[in-house]
Amino acid sequence: MILLSHPTANQNVRQAALAFARGGLLSEFWTCIAWQEEGLLDRLAPGRLRKELRRRSFPNELTPYLRAYPAREWLRLIVGQLGWSGLGRNERSPFSVDAVYLSLDRRVARRLASCLTTRIVYAYDAGALETFKAARERGLICIYEHPIVHWRVVRQIQREEAELQPEWAPTLGALADSEEKLARKDEELARADLVITASTFAKNSLAEAPTLRAPVRVLPYGTVAGTPGLRERAREKLRVLFVGALTQAKGLGYLLEAAARLEGEIELTLIGRRVDEAIPTPAVLAKHRWFPSLPHEELLLEMKRQDVLVLPSLHEGFGLVLGEAMAQGLVVITTPHTAGPDLITDSVDGFLIPIRSSDAIEEKLRWLHREPDRLEEMQAAAQRRALDFSWENYRQGLVEVAREVVGRELDS
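A brief report on the enclosed structure follows.

Cut-off values and rules
Residues numbered from 1 in each chain as written. Predicted model: local features only at pLDDT ≥ 70, side-chain atom pairs only at ≥ 80, totals over all residues. Heavy atoms only, no water. Buried < 20%, exposed > 50% of the residue type's maximum accessible area, 1.4 Å probe, protein only. Helix = DSSP H or I, 4+ residues; strand = E, 2+ residues; numbered from the N terminus. Pairing = 2+ DSSP bridges. Phe/Tyr/Trp six-rings, centres within 6.5 Å; stacked < 30°, edge-to-face > 60°. Lys NZ or Arg CZ within 6 Å of the ring centre and 35° of its normal. Expected span 1.5 Å × (residues − 1). Contact = heavy atoms within 4.5 Å. Axes fitted to C-alpha atoms, helices over the stretch in contact; angles between N-to-C directions. Parallel < 35°, antiparallel > 145°, perpendicular 65-115°, else oblique. Nonpolar A, V, L, I, M, F, W, Y, C, P; charged D, E, K, R; others polar. Core = buried A, V, L, I, M, F, W, Y, C linked by side-chain atoms within 4.5 Å. Polar contact = N/O pair within 3.5 Å; in protein donor to acceptor, adjacent residues only side chain to side chain.

**Description of the pairing of strand β8 (residues 238-243)**
Phase 1 of the analysis: Counting buried positions along β8 gives 6 out of 6 residues, so the element sits mostly inside the fold.
Phase 2 of the analysis: Bridging between β8 and strand β9 (residues 266-271) involves 6 bridges; their strand directions are parallel. Looking at the pairing, L238 lines up with I266 of β9.
Phase 3 of the analysis: As defined by bridge partners, β8 adjoins strand β11 (residues 308-311) across 2 bridges and the pair is classed as parallel. Each residue of the ladder has a partner; that of V240, found in β11, is V308.

Dropping the structure here:
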């Protein structure tokens, strides 16, 4: 009954597809690249590229539902591999992420003309407008997942930040979004019958959306359970982890300020790609452990050797890394502008701190470094709390919501 589409099919999208498939509700699952592990191309691909492409493989149980539309995404990936990523930074470029989203959206819209078993379309922010237009013409229900913070709130926060920290302004990508792109997002919301977000903060941000008429449901994402048992006791230095793009939208500048004042007390590891060649500077990155990217399995292993995750985001629709870190037994320090309030009990299994506060980051890290017994207590509490946010619970909640929608349609 449900046709689901997403160009890159990240972890939460895969879990949605699995939920609908296992619930007997999925008719088709559209994405760009459906990579086959251990296939001929997989064996021929260079190691680095193979790791990247294997992120686009899917569980076998989704194979009957998968429909791929890969051409545009292949162009984008090839341009990036050739070192020409600058060609895709403009949203109007044929090699941009935006172009990939629009291309799949148009393809799915065309598919609806001949997809007679579909009664519901399930699509995501920035890639749903043409699908929803075609669905409305055929009397189909439109479920819209809005996994990010609404663009009006994001733009306000980033404009303020660019004034406060102008050196970090080049990393604030939302400031470059065109009015045309933002208008499409508003129209997507206007055509939705139901909107799903992953955090209370994301839901509250939709109060700024003048076109929203549909009800909004919060379904927090899940995580994979961590390995139970005691962690290695803290060493001389507190091991601190940051995971995410190296941008000020993630509050990275404030973490780096705190780290500079805690030199000798912490070891900071950064995992994430630079979005600007000038900041953070090579000199700053050289002071810390830095990995531009890690496969998911290696990321989880890295988490096991860390003590604390700091994600001081200025805006975050959820932050999958929060739950993943808690499941691996890390104390999480984050802001109320994430899923933190949905996941964390402040000072019990993590800390909620104000945005834009290097002082608060420094205070919490110094306290955890000087209180190793409390650090261990909070780590154990974080791992217990993460059990409440399993992917199984997420899938079950999503199926329940979908069946409510189906039931209302049948009643009408």
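**Concerning the packing of aromatic side chains**
Phase 1 of the analysis: Per the counting criterion, the structure on display carries 10 aromatic pairs.
Phase 2 of the analysis: Considering the side-chain rings of Y221 and W391, the 6.2 Å spacing of their centres and the 35° angle between planes classify their relative orientation as tilted. Of this pair, Y221 sits in the loop between β7 (216-218) and β8 while W391 sits in helix α17 (residues 391-411), and the two are 170 residues apart along the sequence.
Phase 3 of the analysis: Taken together, the aromatic side chains of Y221, F318, W391 and Y394 make up a single cluster linked through ring pairs.
Phase 4 of the analysis: Against the face of F58 rests R14, its NZ or CZ located 4.3 Å from the ring centre.

**A short note on helix α16 (residues 372-386)**
Phase 1 of the analysis: Helix length check: α16, at 15 residues, gives a terminal C-alpha distance of 21 Å against a target of 21 Å (1.5 Å per residue), a fit within 8%.
Phase 2 of the analysis: For α16, the set of buried residues is L375, M378, Q379, A381, A382, Q383 and A386.
Phase 3 of the analysis: Looking at the packing, one finds that the buried side of α16 touches β8, β11, α13 (320-327), β12 (331-334), β13 (350-352) and α15 (358-370).

**Things to note about the sheet that holds strand β5 (residues 141-145)**
Phase 1 of the analysis: The 7 strands are arranged β3-β2-β1-β4-β5-β6-β7 in an open sheet whose pairing can be described as parallel. Each edge of the open sheet is held by one strand with a lone partner, namely β3 (66-68) and β7. In this sheet, neighbouring strand axes are inclined to one another by 20° on average, regardless of whether the strands run parallel or antiparallel.
Phase 2 of the analysis: The pairing of strand β6 (residues 194-197) with β7 spans 3 bridges and is classified as parallel. Looking across to β7, one finds that T197 is bridged to V218.

**Comments concerning the packing of α13 against α16**
Phase 1 of the analysis: At a minimum axis separation of 7 Å, α13 and α16 run at an interaxial angle of 120°. The orientation of α13 relative to α16 falls into the category oblique. Across from G323, M326 and A327 in α13, the residues of α16 making contact are A382, Q383, R385 and A386.
Phase 2 of the analysis: Looking at the contact of α13 with α16, its residues break down into 4 nonpolar, 2 polar and 1 charged.

**A few points about unusual backbone geometry**
Phase 1 of the analysis: The omega torsion of the bond from I279 to P280 falls at -5°, within 30 degrees of zero and hence cis.
Phase 2 of the analysis: Note that P280 resides in the loop between β9 and α11 (282-285).
Phase 3 of the analysis: Positive phi values are uncommon outside glycine, yet S347 reaches one of about 70°.
Phase 4 of the analysis: As for its placement among the helices and strands, S347 is situated in the loop between α14 (340-343) and β13.

**Re the side chain of H146**
Phase 1 of the analysis: Along the chain, H146 falls in the loop between β5 and α7 (151-164).
Phase 2 of the analysis: Take H146: its relative accessible area is 2%, and that puts it in the buried class.
Phase 3 of the analysis: Not counting the four nearest positions on each side in its chain, H146 is found in contact with D125, V195, I196, T197 and L206.

**Re the nonpolar core**
Phase 1 of the analysis: Core analysis: the largest hydrophobic core is formed by 93 residues, its most contacted members being F29 and L365.
Phase 2 of the analysis: Every residue in contact with L365, bar those within four places of it in the chain, is listed here: L238, V240, L262, I266, V308, V310 and I333.
Phase 3 of the analysis: Listed in part, the 30 residues of the second largest apolar core include L53, V100, A134 and L206.

**Concerning the environment of T118**
Phase 1 of the analysis: Checked against the element boundaries, T118 lands in the loop between α5 (97-111) and β4 (120-124).
Phase 2 of the analysis: Taking C-alpha positions, T118 is 6.5 Å from S27, a pair spaced 91 residues apart along the chain.
Phase 3 of the analysis: The residues touching T118, leaving out its near neighbours within four places in the chain, are M1, L3, S27, L112 and L140.
Phase 4 of the analysis: At a separation of 3.1 Å, a polar atom in the side chain of T118 contacts the side chain of S27.

All quantities given are derived from atomic positions and should not be read as evidence of function.
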